[in-house]
Structures are given as C-alpha cells and as structure tokens.
Amino acid sequence: FAATQPNGTAATAPVNGRTSHYNAATERLQIVDNEKHFTPDLTKQIERWGLRDTGFEYNIVAVFGSQSTGKSTLLNRLFGTTFDVMDEAKRQQTTKGIWMCRGEGMNVMVMDVEGTDGRERGEDQDFERKSALFSLASSEVLIVNMWEHQIGLYNGANMGLLKTVFEVNLGLFGKKENSSGRTLLLFVIRDHIGSTPLANLQATITTDLSRLWEGLSKPAELKDQQLSDYFDLEFTTLPHKLLVPDKFDAGVQSLRRRFVDKGSPDYLFKPAYHKWIPADGVAFYMEGIWEQVQSNKDLDLPTQQELLAQFRCDEISAGALAEFNEQVKSQKRPIEAGQVVQGLGQMMKNWRTQALTRYDRDASRYHKAVYNRKRSDLVAALDAVLSPLFLGQLKNLHKYCLVQFKKSLLDGLKGEEYDFGDVVVKGRAKWENKFKETAKEAVVEGTDWVWEDEMELLREEIQGVADQCRKDETKKMVNQIERNIKKHIADPVELQLNKGTEDMWDEILRSFIGILSKAEEAYLTKAKSFNCTEEENESSLATLRKRAWQGLRAKVDEQTADAVFLSKLRGHFEERFRYDEQGVPRVWKPDDDIDGAFKKAKEATLDLIPRYADIKPQDSSLEFTLPSDSADSLSGEPELDFEASLVVFSPTKQMDLGNRFRKDADAYYVEAKRSTVASIAQ
Ligand code: GDP
Ligand code: MG
C-alpha cells in the first residue's frame with residue numbers, strides 16, 4: 001500500500017486489503033505511539049479525512065476495555081474504521097498506543113485505545129491512567145467494552161479500569177474551572193447469551209459502579225459529588241459474533257444508528273457531551289492535552305482552550321494576512337510608481353473584508369476574548385498595510401490634479417479670446433473636485449484616514465499657480481499697453497520738440513496724459529476678469545504709469561541727444577539767420593548788417609536751450625508727477641528718481657551745448673561773410 005499512498009506515512013495504511021480503491025477517509029493514524037509520543041501528523045490527517053472545516057459539526061468517540069475483548073472489531077463494524085484486529089491464528093500481542101480513524105460516512109473521529117492489561121500482567125498502570133485522562137478530556141462518548149461473563153466480578157479487570165476512569169475524571173472535571181465537561185459512558189456487553197436480561201445486567205453494573213464511586217477517596221470539597229454529576233450511563237448488549245453472526249450484525253447495525261441518527265431520541269452524541277473544540281483545532285488541542293498528561297501536570301482545560309485559541313487564531317490570522325498581502329501586491333507597484341489607481345478604495349475594502357471574513361469564519365469558534373483580541377491585531381495589521389497605499393494614492397492624486405490644473409490653464413489661455421478669471425475658476429473647480437472624489441473613494445470605513453489635509457495643500461498650490469499665472473498675464477498685458485503708449489507718444493514728442501515753442505511741454509504732457517489715461521482704462525477693463533485684488537491693480541497701474549513715463553522720457557532723450565539737439569538748434573538758427581521774415585533765403589550784400597543779424601539769431605537760438613532743459617509746462621495743471629515709491633512690482637527694476645527725470649539738461653550741459661552751438665553758428669557767420677566778398681569780386 002505504501003506505493004499508493006500520497007503521503008507515504010506507514011501509519012496511515014488501510015488494513016487487511018479491504019480497500020481496492022485507495023480512500024483517504026479510511027486512513028488510520030497512531031496518534032500516541034508505544035513510546036507515548038504524540039504524532040506530528042494529526043493536523044494533516046484531519047484535513048485528509050475531510051474533517052478540518054467541519055467546525056463543531058463532528059464528534060469524538062473512544063473505546064475502553066480490557067485486552068482482546070473485541071474492541072477494535074466492534075469499532076470497525078460500528079464505524080467502518082480500519083483498526084487492527086488481533087489475528088486469531090497468531091494470537092499476536094497488540095501494542096500500546098492510541099489510534100484514530102474517521103468514521104465511514106460520518107463526521108466522527110474514532111479513537112481505539114490499546115494497551116496491555118497492566119493489572120493482570122503486574123505492570124504499572126501509567127499508560128492506562130494517561131490514556132483515560134486523555135480520552136475523557138477529548139471524547140464525548142466513552143465506550144466501555146466488556147464480556148457478559150465479566151459482569152459482577154467486582155474485583156475484575158473491568159472494575160480496575162473504571163476505577164481509574166473515575167479517579168482521573170474527578171481530578172479533571174472535579175475542578176471548578178473544568179466543571180462544564182460531561183461524558184457518556186456507553187457499556188457494550190459482548191457475547192450476551194440472553195438468559196440474563198439487559199435490565200438485570202444494567203442493575204448489577206450500576207450497583208458495582210456506585211460501590212466503586214463510594215469507595216473512591218475524594219477530595220473534601222468533592223465529597224458529596226455523585227457519579228451522575230459527571231457521567232450519563234447507557235447500556236446495550238451484543239450477541240456472540242461467532243455463534244450468532246447474523247444477530248451480532250443486526251445488533252451492531254442498530255447501535256450504529258444511535259451514533260448516526262440525530263433525530264432519534266436515543267441519539268448518543270448529545271450536545272452536552274461536546275468539548276467544543278473546533279475541528280481545525282482538535283490536533284493542537286489533543287497534543288496540548290497529551291503533553292500535560294504526559295508530564296503529569298494538572299490538566300486545566302480553560303487554559304488549554306485559551307492556548308489553543310491563541311495558537312489557532314494566530315494561524316488563521318496569519319493565513320488571512322498572507323492571502324491579503326498577495327492581493328495588495330498587485331496595486332503596490334503602480335502606487336509606488338506614482339500612478340493614481342482607479343477604484344483603489346473599493347479594492348482595499350474588498351481585500352480587507354475578505355481577510356476579516358476568512359478570519360471570522362474560522363477563528364470565531366474559538367475562545368471569544370482571544371478571538372476578539374487577535375481580530376483587533378489583524379485589523380491593525382491590515383490597515384498598516386493599506387495605509388501607505390492610501391497615502392501614496394493621495395500624494396499621486398495631488399500631483400496629478402495639480403499638473404492637470406496647470407494644463408487646463410495652458411489650454412484655456414491659448415489664443416486671444418479668453419476670460420482669464422473664468423479659465424482659472426473652472427479649472428480649479430474641476431480638479432479640486434476630482435481630488436475630492438477620488439480621495440473620498442480611497443478611504444476605507446473603520447479607519448481614521450483623512451484626505452482633507454492633502455486637499456488643503458493642493459488648494460494652496462493651485463492658488464499659487466493661479467497667482468503666478470495671473471501675474472504673468474498682467475505682466476503681458478502691461479507690456480502690451482506700454483508698447484502702445486510708446487507708439488502713440490512718439491509723434492507728439494518729436495513734433496513739439498522740433499517746434500521748440502514756449503508751450504511745447506504743455507502740448508507734450510497733454511498728449512501724454514491723454515494717452516496714459518486711455519491705457520489705464522484699457523487695463524482696468526481687461527483686468528476685471530482677473531480677480532485681481534485692489535492692491536494688485538494699484539501696483540499694476542503704478543507700473544504702467546512709470547513705464548509710460550519712462551517711455552516718454554526715452555523719446556525725449558532720443559530727441560535731445562547731442563547731435564539731434566544741435567541739429568535742432570542749427571535749424572532754429574538758420575531759420576532766423578539765413579531766411580528773412582518771409583522765409584526767403586537771404587543774399588548778403590556788403591552793406592547788410594551781417595553782424596547784427598548774426599548776433600540776433602544766435603542769441604535767440606541760445607535762449608531756446610533753457611526751454612528744453614526742464615520738463616516744465618507753463619500751465620501748472622499739466623504738471624505730471626509720480627509717487628516716490630514707484631518701484632516696478634512686475635520686473636523688480638530699481639526705483640525711478642522722478643525729480644531727476646524732469647531734468648533734460650543740467651546747467652553744465654546747457655553751457656556745453658551753448659558752446660558747441662556757437663562754433664556751428666560761427667561757421668555760418670564766416671560762410672555769410674565769404675559770400676558777400678564773392679559777390680563783390682564778381
Ligand atoms: P481488542 O484487543 O479488544 O481490540 O480485540 P480484537 O478486536 O482485536 O479482537 C480480539 C479477538 O476477539 C479476535 O480474535 C476477534 O476475532 C475476537 N472477537 C471479536 N469480536 C468478538 C465477539 O463479539 N465475540 C467473540 N467471542 N470474539 C470476538
Ligand atoms: Mg484492538
């Protein structure tokens with residue numbers, strides 16, 4: 001069989017060649033071996049039997065009785081198990097140990113307790129006591145198997161066994177903390193001939209049991225406890241297997257029904273006997289019990305159950321967490337790579353719910369306090385895994401929305417026809433909403449996660465971007481208006497400076513103020529949709545005024561550059577010297593007063609220089625001023641010294657220009673003189 005067995009465990013081989021088809025349900029396992037060691041394979045075996053996930057929907061039955069009384073035979077017939085039966089021909093000695101099988105077609109773990117009869121052979125009763133204790137701590141029904149002819153032999157082997165059972169039971173369930181345990185003793189009387197009715201046999205056994213119970217040395221506090229406080233008793237007989245096999249079979253069948261038929265009034269696995277160990281914890285629990293028994297420690301069942309609960313809840317929790325981590329992995333990478341994962345919240349909720357459902361399904365059967373405590377631990381562990389995903393999602397979402405907002409500005413501000421304020425308001429609403437929606441979706445109920453702080457940061461950044469953009473827009477607009485001013489001021493300046501009339505500055509300033517006020521109006525109209533603050537408008541207008549003034553000043557500079565200005569002076573001079581009042585060119589004759597005319601024209605021209613020297617209108621209402629703190633807020637240019645900017649020529653410069661003009665004028669004078677000489681010579 002070894003070859004056909006999936007796990008190759010020798011101890012789980014089906015016996016006697018009964019099975020031609022291999023079936024894991026019929027595997028048997030020696031849970032305690034000859035050396036009193038507990039098997040490490042029970043958990044796996046319970047799973048292979050298909051009982052692991054049955055919760056409380058299973059039962060445990062054990063058998064007790066002296067050796068070779070047909071115990072294994074009975075179990076195999078009753079439950080379809082595969083325990084070893086002593087070979088009639090060889091009469092080989094059975095071993096010590098506890099075996100387990102799954103009942104065929106039923107959720108029952110059947111334990112066959114084997115042992116040499118220590119009492120008869122004069123050996124110590126150590127194993128007998130330990131296996132009794134172990135069986136009582138785990139089984140619901142204890143089958144006590146005996147021959148009919150053993151009944152009434154008060155000092156026989158059976159009574160010795162039962163005395164042991166009672167004693168260890170008192171030690172175990174007599175304790176207050178273990179008091180909930182109750183066990184059914186099912187007496188199966190074998191080879192019943194029929195001449196003594198069951199009722200009589202039952203009475204004899206009951207009397208013997210009472211005597212036995214009375215004779216027990218009980219601790220003082222349990223002195224008044226009755227046998228019935230711990231045990232229910234049931235009795236049944238079976239005919240001789242070899243002499244009346246048919247009747248034996250029929251008896252076994254009707255007894256089997258009492259183990260199977262839950263609806264029947266004489267159903268044997270009553271809930272009162274259940275030890276309430278979840279099936280998936282039976283192996284750990286039994287091992288713990290056996291260890292306690294084996295080391296002769298007091299068996300404290302609540303402690304055992306709590307240990308079991310801790311172990312199993314940890315295991316179940318770890319299983320749920322592992323599966324959960326596997327699921328989380330799928331979205332961890334995209335989040336770490338900066339992606340916004342669609343529907344992340346729903347996914348996280350699902351993973352979390354699944355993990356908790358898995359945990360609850362298996363762990364809720366265990367000790368409530370332990371179950372609850374480990375559940376909180378699990379919730380904390382799950383949330384500790386999810387929280388970075390949530391925070392990562394928020395961070396990515398924040399970045400994404402900010403980028404999208406910037407994009408919406410770029411798109412919205414394309415071309416000429418746009419309303420800046422509108423573009424900003426719409427973009428902000430759209431992307432702040434998107435953040436809110438997506439962030440809300442990512443929150444898992446039952447956590448204390450918040451997204452509002454991140455939203456506040458995003459808002460501030462969006463505001464910052466909008467502000468910067470508005471500044472750029474304003475700058476663009478101011479620049480454009482400035483260009484416009486310069487274009488319009490050029491002609492009036494050139495014209496008036498050429499004229500050099502006394503009111504030239506009045507005319508220039510009048511034009512300038514008119515152009516500037518139009519520009520300011522244009523700015524205010526456009527700026528309306530920018531949602532600029534009063535201060536920002538003030539500052540932009542101040543910039544505009546200053547730039548306009550500088551534009552004007554630049555034009556004045558251009559027109560009063562040395563060469564340009566000297567040429568203007570020459571023009572004025574020539575007009576006076578070389579042309580008469582009617583504008584006709586003069587032809588000098590020898591008796592003309594060249595000197596007088598020259599002097600007059602020169603003086604008149606020199607008188608013009610101070611007129612240009614300061615930007616000063618005659619009409620003081622046209623005087624233009626700029627506030628002293630007119631630093632350019634948009635370009636950060638240094639402050640303008642307005643007073644200095646009113647000065648076109650300093651006194652020194654005026655003198656210098658006068659001198660340079662005199663030299664030019666002298667040349668005209670010499671030329672005029674020469675022309676008269678020439679005319680005489682002709
Ligand atoms: P265990 O040691 O108590 O498990 O007993 P076994 O089941 O191994 O059986 C011991 C011997 O008793 C075997 O040779 C069986 O054939 C025989 N036997 C089993 N059942 C009965 C029975 O009901 N009556 C009689 N007389 N012999 C039986
Ligand atoms: Mg046996």
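Located above this text is the structure these notes cover.
So, here is what we can say about the structure in this document. (Residues numbered from 1 in each chain as written. Chains lettered and ligands numbered in written order. Predicted model: local features only at pLDDT ≥ 70, side-chain atom pairs only at ≥ 80, totals over all residues. Heavy atoms only, no water.)

So, the pattern of salt bridges
Part 1 of the reasoning: Counted according to the given criterion, the structure contains 46 salt bridges.
Part 2 of the reasoning: For Glu47, the salt bridge is made with Arg52, and the minimal N-O distance between the two is 3.6 Å.
Part 3 of the reasoning: The residue Lys349 makes a salt bridge to Glu445 at a minimum N-O spacing of 3.7 Å. Taken as a pair, Lys349 in helix H10 (residues 344-363) and Glu445 in the loop between helix H12 (420-442) and helix H13 (452-499) lie far apart in primary sequence, 96 residues in all.
Part 4 of the reasoning: A relative accessible area of 59% means that Glu445 is categorised as exposed.
Part 5 of the reasoning: Taken together, the shared-partner salt bridges in this structure form one network comprising Asp562, Lys653, Asp656 and Arg660. (Salt bridge = Lys/Arg side-chain N within 4 Å of Asp/Glu carboxyl O. Helix = DSSP H or I, 4+ residues; strand = E, 2+ residues; numbered from the N terminus. Buried < 20%, exposed > 50% of the residue type's maximum accessible area, 1.4 Å probe, protein only.)

Regarding the sheet that holds strand S1 (residues 28-32)
Part 1 of the reasoning: Spatial strand order, S1-S3-S4-S2-S5-S6-S7: 7 strands in an open sheet with mixed pairing. Edge strands, defined here as strands with exactly one partner in the open sheet, are S1 and strand S7 (231-237). When the angles between neighbouring strand axes are averaged without regard to direction, this sheet yields 25 degrees.
Part 2 of the reasoning: Relative to strand S5 (residues 141-147), strand S2 (residues 59-64) runs parallel, the two sharing 4 bridges. (Pairing = 2+ DSSP bridges. Axes fitted to C-alpha atoms, helices over the stretch in contact; angles between N-to-C directions.)

With respect to helix H9 (residues 301-336)
For an α-helix the count is 3.6 residues per turn, leaving residues at separations of three or four pointing the same way.
Part 1 of the reasoning: Given a rise of 1.5 Å per residue, 36 residues ought to cover 52 Å, and the 49 Å separating the end C-alpha atoms of H9 matches this to within 8%.
Part 2 of the reasoning: At Lys329, H9 is bent by approximately 35 degrees, the largest bend along its length.
Part 3 of the reasoning: The positive-phi residue at the C-terminal boundary of H9 is Gly338, with phi of around 95 degrees. (Expected span 1.5 Å × (residues − 1). Bend = angle between axes of the 7 residues up to and from the residue.)

Considerations on the side chain of Thr474
Part 1 of the reasoning: Along the chain, the position of Thr474 falls in helix H13.
Part 2 of the reasoning: Among the polar contacts listed, one links the side chain of Thr474 to the backbone oxygen of Arg470, at a separation of 2.6 Å. (Polar contact = N/O pair within 3.5 Å; in protein donor to acceptor, adjacent residues only side chain to side chain.)

Looking at empty space enclosed by the protein
Part 1 of the reasoning: By the definition in use, this model includes 6 cavities of 30 Å³ or more.
Part 2 of the reasoning: Forming the walls of the second largest cavity are Tyr58, Ile60, Ser138, Glu140, His274, Lys275, Trp276, Ile277, Val282, Tyr285 and Met286.
Part 3 of the reasoning: The element contributing the most residues to the lining of the second largest cavity is helix H8 (residues 282-294), with 3 residues.
Part 4 of the reasoning: Looking at the lining of the second largest cavity, its residues break down into 7 nonpolar, 2 polar and 2 charged. (1 Å grid on protein atoms, 1.4 Å probe; cavity = no way out; pocket = protein on both sides within 12 Å on 5 of 7 lines; lining within 4 Å. Points joined across faces, edges and corners; volume = space filled by probe spheres on them. Nonpolar A, V, L, I, M, F, W, Y, C, P; charged D, E, K, R; others polar.)

A look at unusual backbone geometry
Part 1 of the reasoning: A positive phi angle, close to 55 degrees, is found at Asp191, a residue other than glycine.
Part 2 of the reasoning: Tracing the sequence through the fold places Asp191 in the loop between strand S6 (183-190) and helix H6 (198-215).
Part 3 of the reasoning: The backbone phi angle of Trp276 is positive, close to 55 degrees, even though this residue is not glycine.
Part 4 of the reasoning: Its place among the elements puts Trp276 in the loop between helix H7 (245-260) and H8.

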